[in-house]
Each structure stands twice: as C-alpha cells, then as structure tokens.
Protein chains: 2
Amino acid sequence: MNGAESLVQTFVNCGVEVCFTNPGTSEMHFVAALDRIDGIRPVLGLFEGVVTGAADGYGRMAGKPAATLLHLGAGLGNGFANLHNARRAATPIINVVGEHATYHRQYDAPLASDIASVARPNSVWMETPEDARDVAAAGARAYAASMSAPGGIATLILPADTAWLDADAAANPVDFDAPHTVDGTEIDKVAAALKNGKKSAILLRGRVLLEDGLELAGRIQAATGARIMCDTFTPRMQRGAGRVKLERIPYFAEQAQEFLEGTEQLILVGAKNPVAFFAYPGKESWLTPKDADTLILARPEDDGMAALEALAEAVGAPAQAPEHVALAKPDLASGDLDADGVGRAIAHFLPEGAVMSDEGATAGLFTNIYTETAAPHDHMTLTGGSIGQGLPLAAGAAIACPDRKVVCFHGDGGAMYTLQSLWTMAREQLDVVTVILANRSYAILNIELMRVGAENPGPKALSMLDLHNPDLNWVKLAQGMGVEAVACSTAEDFNKAFEAAMSRKGPFLIEAII
Amino acid sequence: MNGAESLVQTFVNCGVEVCFTNPGTSEMHFVAALDRIDGIRPVLGLFEGVVTGAADGYGRMAGKPAATLLHLGAGLGNGFANLHNARRAATPIINVVGEHATYHRQYDAPLASDIASVARPNSVWMETPEDARDVAAAGARAYAASMSAPGGIATLILPADTAWLDADAAANPVDFDAPHTVDGTEIDKVAAALKNGKKSAILLRGRVLLEDGLELAGRIQAATGARIMCDTFTPRMQRGAGRVKLERIPYFAEQAQEFLEGTEQLILVGAKNPVAFFAYPGKESWLTPKDADTLILARPEDDGMAALEALAEAVGAPAQAPEHVALAKPDLASGDLDADGVGRAIAHFLPEGAVMSDEGATAGLFTNIYTETAAPHDHMTLTGGSIGQGLPLAAGAAIACPDRKVVCFHGDGGAMYTLQSLWTMAREQLDVVTVILANRSYAILNIELMRVGAENPGPKALSMLDLHNPDLNWVKLAQGMGVEAVACSTAEDFNKAFEAAMSRKGPFLIEAII
C-alpha cells in the first residue's frame, strides 16, 4: 500500500464517496489509487473552478465533504474563486493538492509555487505530510477538520513521493468538533429579550434554514412577534409550499437599511450582523440600525437547532407554526420573453423536491420571488459573491442527490466563468436543467456604475459591461460540450421547453433570450 | 481628479497602452476613469484567466506591461494560473486588483478575502494605497517594478475609496532597474573556460533569444565549438529561416539527461540549471551532468546581450555566424489527418513574421519540429507548465502586434481552461488563427501515468485522462463565441483550411481531428 492508497482508503473509512478531479502528473498515483481502492467515485472537471464549485454543491446537499484533486498551486488557484464561495457557505470540502516530491521542491521547477499562500485564505486546516507514512493520518485529520462545526475547507498538500512511497495502513476516522451546545442562560437571556416589548428580528443562517429549523422559527415568531429573516445569500435553504417563510434581506445596502429600520434588537442564529455587500460613497457599510442591540443565540459553530428548540420552549411557543406558505403557481406569460416570464414558468413547473442553484443575478429576481410559493424545494445561492458558481454548484448537487431534479438559473455573464461544467453534466448524465438568462450584459454592473457615483459613463466604460458584440450563443456552447439545448425568445416557447425539461431526465440547457 | 483617474493618467504617462479587464463593482471608478482619460485601450475578457494570459502575451511581445483589472481576491484567484506562467516568463504586468473601501474591510463582507496572500506568490512588488493621494505614486512604482530587469508582476491592490476620493495629480514615471552590466572579469573567465578544451554548452534564455542574440550565440559557437541551446519552454524566441538555430532541451527528464550527457561545463545566459519538470520514482531531478561545472555569464537580471557581445569579442568570434537555418517547407500530407500532417501544413503556410503561441503539448511536437525551418517567426511557449495559456497568450500578442499573423496551436484538453478567450478574439477582431489539436485526451497524462510507475491503470483512472464521452465540438464552441470555425479530419481539408486562414484577416478556428 502506497501513500496515495492509504489516503484513498482513509477517505473511504471516513465516508467520503466522491472525488472531483482535475489531475496532472504529480497526482497520478492518487488517480491510480482511486482505481485500486473501491468506494470513491471520481468525477472529472475540465477546469478547476468546476471541480471546487461542484464540491461546494455536493457538500451543501450531502452534509459531508467530497474530495477534490487539484494540480499544484496553479490548479488550486484556478479553483480559488469557488473555494472562496464555499468558505462563505461553511461547506465541508477536502482539497487534495498535488505538490512536487519533497526532494524536488528545492529545484524550483516550472510548476513550483507557494501553494500554502493560495490555500490559506480559504482553509480552516492545512497540512503537508513529509513522509508517506504520515499521509493516512493527515487524511483523517482533514476529514475531521472539514466536518468540525460549522464546516470548512481542509487542504492537504500531497508531495508526489509521499503518494508513491510505501505506507503502513489506512487511518480510521478521528473525532471532530460537533456543534457546541448553547448554554441555557444564553437561551434565557434571548427569551427574556424577546419579551421586553422591543421590536425584534431573528436572523437565521446554516442548518436552521432547513424545514424543521424554519418551523421552529415560525413557532417562536408566533409567540413573540419577532420578524424572522435570512441573509440575501444563503448556502442552502428549504422554501416553497408548506414551509415557514422567512423575509430575505435585500441586496442593495440602502434597501437593506430600510428593511431593517425600526429593529430594536437583532437576534443572530448562525448569522453575522448584516453588512453592505460593497461600500458606496456616502453610504453606510453597517446595516443593523445603530441603536439596536445585537444578541447572539447561536454562533455558526453552535448547535442552532437545539438552541432554537430551547428558545421555542422558553418563550412558550405553540406546537406548530401558525402559517405556512400556500402553494401558488403563477400564471404563465405570453408574448416576448422577459425575466418575469422566465420566473413564472420556472415557478409554475418546478417539481416537488427540486434543488435550485440560483445565480440569476439581476435577471433572476423574478424567479426568486415566484418560486417562494412554488412546490417545496431547496435553494442555493452565491454565498461569496464570486460569480461563476451556479453551474458547478448544480452539478455537485446532482451528484449528491441523484433522485432530485436540479434547476440552475444563471445570468449569462456569470455562467461564462465556469461553462466547462456543462461537459461534466453531459459525461455524468446529471439531471440538471440549466436556464441561461441571456440579457447579454453584466447588468448588475450597469446599475453599480451609477450607484458608485461614476457619472456619465462613456462608450469605453459601457463596453466593459456589455456582452453584445458578439452575442454568445448558449445553444452552440452547450452542444459543443454534449448537452442538448434550445433557445427561446417567446414566453410560449420557454414555457413549453421548460415543462418538457422537467418531465425528462438528464442534462438540458435553455437559453432564455430576454 | 479622483484616485482612479490619477492612476490611469499615471499609467498613460508611463507608456501603458492597454488594460485587460474583468471588473466588478469595486472597480467601477477605474472603469469610468478609463473613459475619461485618453490613452488606454480597455479589452474585456469574460474570465480572469483570459485577462492575465492576454497580459502575458502582450508583455512578451511589447516588452512593456499591460495593466489588468481584476475583482478582489476571487478575481485575482481566477487569474492566478496564467500569472504563474507569466512569472516564469518574467513578463512585465501591472495588476490592478480592486478591494473593498478601506473603512469597509473591517466588516468582512462576503467578497472579502486575503488578496495579498493570493498575490504574493506571483508578484515582485505589491502595495495597497490607503489614501487616494498615494495612488498615483504607487502606480508609477508599480510600472517601474514591472519593468525592472528581468521584468515581473507588480500588483496594486486598490481600495474602492482610494479610487473615488480626490487625488492631487498623476505621477510621472520613476526610474527602474535596467539590466545590470556584467563585469569584464566575468566575461574573461567564461571566455577562458570556453578555450580550455572541455565540452561546453551555452544555455540561453530571455532577451538573448531574439534574432540578434541568436546571431551572437552562433558566432561564439563558431569560435569555440560550444553547443548552444535553450530550455524546453521559453517565453519568446525568434526562429525559422535565416536565423541561428539552437538545440532545445527535451521535455522528459531522461531524454534531457541524455541530451546533456558529456557536457563538461554549462554556461548560463539568463537561464538556470535545467531541472526535471516533475520528479519520477528513481529518476534524477537535477539534469546537469554531476561532474560538469556551471559558469554564469549573465543572470536573468543582467544585460545578457552586452555580455554575449563582449564574449564574442573575447573569444575572437567571426563577424557573422557561419550557419543560418535554410528555408525548408515540408511537403503537405494527404489522407487521414494526424499530428504530423497538421505540423506540415502549419510549417508550410506560416507567413513571415508570424507569432506562434504554442500549447500543442504532445500533439504539437511535429508542428514544433517542422516550423524550425519555416519562414522566420516568433515562438512563445508554456513557461510555467499550467495548461490553458495558449489562447489568451495569442490574444494578447495580437493586440501587441496588430500587423502580424498570430497562430495558436493548442491541445484540446488545455484549451478548455480558458476557451472564453475566443470571445475576446471575436470582439476585438484579432488576427489569430487557432488550431485545436483534438486528440480528445489529456494525452500527456496517459504517458505520465506510466512514467510515474502507476501500473495497470483501470477504467476509473483512464476515464480521468480521457476527454471522449462526450466529444468536445470546437466548431460549435467557437461559433458560440462568435469565431468562425471549421473541423477537418483529412489532411487535404486541413491544408486548404489553414492556407485560406493564412490569407485572410481576423479570428478563425480550425479543429484538427487527429
């Protein structure tokens, strides 16, 4: 058994089932080990941003890490942006980053770079075994680190010789930090505050955004009158018919400020105080009203579910939340296709149990609103703000949940960053329907250009935000990677295409020309 | 004048003419400034690896930096791999990386990350102005740092408020380190060594690989009998008919060792001692024969041209090199297309003064050999080993050299990493002809899997090196981004398509199915 085999077997022992890969020469022994040791499904991505984004989607849905296999510092660099998004989602991921053999590093060969410097910003844990016999134990620690509450990215830098030299044996799983239990006095403090007559809002993030957590929030709301809300961008939330609905903090800072106005105390459950996504001249960064108190019910690493349950009891909440979303499918649109029409059709035909990967950006707003009352589904968003995550996120979710329909709706600008994801969807025959919202622009930047006070933009500036000239043809791009595709410019065509896509299996792309 | 305007004007004052951009909200004032200040051409890339790879191609050909405009740490991360390649090429580049406003950083907004940690591995210089009035001077220092011999990457991290707040004025260029002059005693030492009867080889890299440097090397060879050679991967070399030919060190370590065998002294001119690209079990990393002496005529930061001239004089070299490459165009192939046939046609029809961006990998070997005796041209290769550089490199070179035909030949696996480059070629109507060598595999990895001793690979391992299932269709991918394209599977078709592409202007892609 060599080091690579000991590592793969350790991952299997820990319960890792999938490895998203884009290997190079220094990872060949790991590749061979995936073959010799049963239990891990390798999934090839043709670009590392696909690999890391898919690992994020997998981890959000599976609740445990996939491994990635990346080629030295440059491969990790290509995967950086979607690791950044995954870090903001607290997704468990184990990166295996190949490195030159220990004795080869001194020579500064062309591919050598400071891998640790690229890994550090996104990693909760990082190790570089120097001996093949240390690899297995490092693998077990990597798994534990990725799973320690609230979840995070563990990066194991694997020198090639530690993969090919003899190892002793695989390692067994080691303990990791389960979510901390919140002390009863903290619960009581929040319970008392919720009864002090002040206007309260409870901001939820993490595990508590699944159905049972929302139910608890709804019960607490019923007993206390507190608003219940979530961040603009959440890693994973369950929503739609039959579930308790949260208010979502708006994206733009001034709208968020208005939204939060009047809040006298903000209760955080796995969340942080909301801040503006960007700074703008003369506008506030800190969005919580200045005279409001902040109370922390649960930190991200705490057991928010148990804390909510205890709080529900402490405030004498009813046994059930009084209000749940009623199923309300919007009417379908007709005529020229626009973002509204796309949203109506998606919400109308979305099947129960679907998983939505939402990187619709400006054009996705309608979809977002209409699906609030659609069939119950899971909703994943761009947690770190680095566009180009929606497609691989969808691919990873489809691998985690093979029996659920995955719908990815994506702005055209953002989708170009990791369009190689379509090839992986085709190869693995993933049940992902992608809707490209083709407005042929970085539409958000046209808005932002004005918002930051950059007045009277001229043609040079506007050309940098415009994706016309030439127009992208997403049907050809998809077909070029083996994914069936169709373009629609009327609502009737889109309705028909989306309905048909929902009733078949396998990857499909619809370019919605809006 | 705000900070962004002072920066753009400073770049103009320094002679920067192009900015490759992929901006976000935090860069909107820089975008607006590119509009208001004349003199810089913005070129949009739909992915940051396109932006940084194009800046590398531009810098290699122009001999001065382009600026890049990147969106915080995640945008820089997406550009990391091609910055790595540029670092290994010692290409002058100025990165402008947007950052949150100084007062906004404390809030750890979703897009916040440790930008410096991502920038450091590839940067020779890095600064973050904290005041709008410091931005212009920082810009002048960035330019100087990028131009200081031998050239490098300067990264200016630009907090959004330092871009939008008032500045005083633009800055003027500041002095940078010109190449150091090599001391005459060092020249004499090498001259004496070259006459001591030992078998010598001179390894050249950098500026000396242009025509006049090669001529000097040829003269020295004539006087001393030394071999003259270059690395496997060189940033830019002039080659073809009428020029002095160098020997190229082979890629695989054991072949390189054999190639260097018998060398008793190795003279370095801007180069380092050759090392294996990767380590392999039981094989050497250090490729210079163990008992050979290494003499340094010029370090990368030295004036290699002056040193070669002085050396030519010191060894009494003839006024002209005795041998120059004779034009020899290979016969065209017929029948089924293969890598040999592609190479023949490219070498046959390559116009004088063309610029080749070579990421042909295994399938490009024939092209590489045949073009040695083609019309005189410039040749650029993958200096840092991180695949996915050839397309953007070609785009950048075409912007630096609008009157020269650029030919990019590229393996299909590598081309997928930065295929978005095709859109930029279409938008800017760049005169780039791309030949995709479609063997539908990471062919090099099939070789490397065996070479590293990973025996009897099974179907899982092989599937990770194979790009069939589904086949990529490069004609559709190119057309999807607005680039005309054709696929060829016979030599006759390829010959005709490539000949036609050489006689027209503008972007074109040929998928060579081999």
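Residues numbered from 1 in each chain as written. Chains lettered and ligands numbered in written order. Predicted model: local features only at pLDDT ≥ 70, side-chain atom pairs only at ≥ 80, totals over all residues. Heavy atoms only, no water.

An unreviewed UniProt entry lists chain A under the name Acetolactate synthase large subunit, with Pyruvatibacter mobilis as the source organism. Listed in UniProt under the heading Sequence similarities (unreviewed entry), the comment for chain A reads: "Belongs to the TPP enzyme family." (UniProt positions renumbered as here; feature names shortened; annotations may be inferred.)

Colleague: Please explain the interface of chain B and chain A as it appears in this structure.
Modeller: Often the size quoted for an interface is simply the accessible area lost on bringing the parts together. In this assembly, 101 residues from chain B lie in contact with 102 residues from chain A. Taken together, both faces of the contact between chain B and chain A bury some 8300 Å²; the carbon and sulfur share is 63%. Its largest share of buried area at the contact with chain A, chain B owes to Thr-25, Lys-460 and Met-464 of chain B, together 8% of the area lost on that side. Viewed at the interface, chain A and chain B are joined by six salt bridges. Taking the shortest distance from any N to any O, the salt bridge between Lys-272 of chain B and Asp-108 of chain A comes out at 3.1 Å. (Contact = heavy atoms within 4.5 Å. Buried area = accessible area lost by both parts, 1.4 Å probe. Salt bridge = Lys/Arg side-chain N within 4 Å of Asp/Glu carboxyl O.)

Colleague: I tried to follow helix 18 (residues 443-451) of chain A on my own but got confused; where do I start?
Modeller: Working note: α-helix, 3.6 residues per turn, so residues spaced by three or four point in the same direction. Ala-443, Leu-445, Glu-448, Leu-449 and Arg-451 of chain A are the residues of helix 18 of chain A that are buried. Where helix 18 of chain A is buried, its residues contact helix 11 (253-260) and helix 19 (459-463) of chain A together with helix 2 (28-36) of chain B. One or two steps after helix 18 of chain A, the chain reaches Gly-453 of chain A, where phi turns positive at roughly 85°. (Buried < 20%, exposed > 50% of the residue type's maximum accessible area, 1.4 Å probe, protein only. Helix = DSSP H or I, 4+ residues; strand = E, 2+ residues; numbered from the N terminus.)

Colleague: Looking at this structure, I do not really get the pairing of strand 6 (residues 153-159) of chain B. What am I missing?
Modeller: Residues and elements named next belong to chain B. Most of strand 6 sits inside the fold, with seven of its seven residues counted as buried. Burial along strand 6 is two-sided: the residues Ile-153, Thr-155, Ile-157 and Pro-159 and Ala-154, Leu-156 and Leu-158 are all buried. Alignment of strand 4 (residues 93-99) against strand 6, held across seven bridges, turns out to be parallel. Across the sheet, the residue bridging to Ile-94 is Ala-154, located in strand 6. Two strands pair when backbone bridges link them, and strand 5 (residues 125-127) and strand 6 are joined in this way by three bridges, in the parallel orientation. By the bridge assignment, Trp-125 is partnered in strand 6 with Ala-154. Crossover strand 5 to strand 6 through helix 7 (residues 135-147) is right-handed. (Pairing = 2+ DSSP bridges. Right-handed = clockwise from strand over helix to strand, strands pointing away.)

Colleague: Can you help me understand the side chain of Asp-378 of chain B in this one?
Modeller: Residue and element names in this part refer to chain B. In this fold, Asp-378 is placed in strand 14 (residues 377-381). Only 2.6 Å separates the side chain of Asp-378 from the side chain of Arg-236, close enough to count as a polar contact. At 2.7 Å, the side chain of Asp-378 and the side chain of Arg-404 are in polar contact. Once residues within four sequence positions are removed from consideration, Asp-378 is found in contact with Met-61, Arg-236, Met-237, Gln-238, Ala-354, Val-355, Met-356 and Arg-404. (Polar contact = N/O pair within 3.5 Å; in protein donor to acceptor, adjacent residues only side chain to side chain.)

Colleague: When you look at empty space enclosed by the protein in this model, what are you seeing that I'm missing?
Modeller: If a probe as big as a water molecule is rolled over the atoms, it shows which places are left empty. All names here are of chain A. Enumeration over the complete set of coordinates arrives at five cavities of 30 Å³ or more. Roughly 140 Å³ of internal volume is contained in the largest cavity. Considering the residues around the largest cavity, the lining is formed by 16 residues, among which Met-237, Arg-239, Lys-245, Leu-246 and Glu-372 are closest to the centre. The dominant element in the lining of the largest cavity, judged by the number of residues it contributes, is strand 9 (residues 237-239), at three residues. The residue inventory of the lining of the largest cavity, partitioned by class, reads six nonpolar, six polar and four charged. Of the residues that make up the lining of the largest cavity, three or more belong to each of domain 2 (184-314) and domain 3 (339-513). Space inside the second largest cavity adds up to approximately 80 Å³. Broken down by secondary-structure element, the contributors of at least two residues to the lining of the second largest cavity are helix 2 (28-36) and helix 8 (160-164). Residue composition of the lining of the second largest cavity, grouped by class: nine nonpolar, four polar and one charged. (1 Å grid on protein atoms, 1.4 Å probe; cavity = no way out; pocket = protein on both sides within 12 Å on 5 of 7 lines; lining within 4 Å. Points joined across faces, edges and corners; volume = space filled by probe spheres on them. Nonpolar A, V, L, I, M, F, W, Y, C, P; charged D, E, K, R; others polar. Domains from an automatic or database assignment.)

Colleague: Whenever I open this one, the sheet that holds strand 3 (residues 66-71) of chain A confuses me. Can you help?
Modeller: Sheets are built from strands paired through backbone hydrogen bonds, the pairs being either parallel or antiparallel. Residues and elements named next belong to chain A. Taken in spatial order, the six strands of this open sheet run 2-1-3-4-6-5, and their pairing is parallel. Both edges of this open sheet fall to strand 2 (41-44) and strand 5 (125-127), since each of them pairs with a single strand only. The average undirected angle you get between the axes of adjacent strands in this sheet is 20°. Its contacts with the sheet place helix 1 (residues 3-14) against strand 3, strand 4 (93-99) and strand 6 (153-159), and it is angled at close to 180° to strand 4. (Axes fitted to C-alpha atoms, helices over the stretch in contact; angles between N-to-C directions.)

Colleague: Teacher, can you tell me more about the UniProt feature "domain: Thiamine pyrophosphate enzyme N-terminal TPP-binding" (unreviewed entry) in chain A here?
Modeller: Look at the UniProt record and you will see "domain: Thiamine pyrophosphate enzyme N-terminal TPP-binding" (unreviewed entry) annotated at residues 1-106 of chain A. As annotated, residues 1-106 of chain A comprises 50% helix and 20% strand, and the C-alpha atoms at either end are separated by 27 Å.

Colleague: Sorry if this is basic, but what is going on with the packing of aromatic side chains here?
Modeller: Within a pair of aromatic rings, the relevant descriptors are the distance that separates the centres and the angle that separates the planes. For the structure shown, the criterion picks out 21 aromatic pairs over all chains. On the basis of an interplanar angle of 80° and a centroid distance of 6.0 Å, the ring pair of Phe-233 of chain B and Tyr-251 of chain B is categorised as edge-to-face. Of the two residues, Phe-233 of chain B is situated in the loop between strand 8 (227-230) and strand 9 (237-239) and Tyr-251 of chain B in the loop between strand 10 (247-248) and helix 11 (253-260); the sequence distance between them amounts to 18 residues. Counting every residue linked through ring pairs, the aromatic cluster contains Phe-233, Tyr-251, Phe-252, Phe-277 and Phe-278 of chain A. Lying across the ring of Tyr-280 of chain A, Lys-283 of chain A places its NZ or CZ 5.5 Å from the centre. (Phe/Tyr/Trp six-rings, centres within 6.5 Å; stacked < 30°, edge-to-face > 60°. Lys NZ or Arg CZ within 6 Å of the ring centre and 35° of its normal.)

Colleague: Help me out: how do you make sense of helix 9 (residues 184-193) of chain A in this one?
Modeller: Residues and elements named next belong to chain A. Looking only at helix 9, the buried set comprises Ile-187, Val-190, Ala-191 and Ala-193. The buried side chains of helix 9 occupy one side of the element, clustering within an arc of 165° when seen end-on. Each element contacted by the buried residues of helix 9 is listed here: strand 11 (265-269), strand 12 (293-298) and helix 12 (304-314). (Arc of directions from axis to C-beta.)

Colleague: It is not clear to me how the sheet that holds strand 11 of chain A should be interpreted in this structure. Could you clarify?
Modeller: All names here are of chain A. Pairing in this open sheet of five strands is parallel, and the strands run 10-8-7-11-12 from one edge to the other. The open sheet has two free edges, formed respectively by strand 10 (247-248) and strand 12, since each of these has just one partner strand. Each of strand 11 and strand 12 touches helix 9; the most contacted strand, strand 12, lies at about 135° to it. Packing of helix 12 onto the sheet brings it into contact with strand 7 (200-204), strand 11 and strand 12, and relative to strand 12 it is tilted by some 110°.

Colleague: Would you explain the relation of the copies chain B and chain A in this entry?
Modeller: Between the two copies of the chain lies a relationship made up of a rotation around an axis and a movement along it. For the pair chain B and chain A, the best superposition has an RMSD of 0.0 Å and corresponds to a rotation of 180° with a translation of 0.0 Å parallel to the axis. Expressed as an axis order, the relation between the two copies is that of a two-fold axis. Comparing interface residues between copies, 100% of those in chain B also lie at the interface in chain A; the contact surface is shared. (Least-squares fit on C-alpha atoms with pLDDT ≥ 70 in both.)

Colleague: Quick question: what am I supposed to make of the environment of Asp-188 of chain A here?
Modeller: Residues and elements named next belong to chain A. When you line up the elements, Asp-188 lands in helix 9. Its relative accessible area of 46% is what places Asp-188 among the partly exposed residues. Spatially, the C-alpha atom of Asp-188 lies 23 Å from that of Leu-246, the residues being 58 residues apart in sequence.

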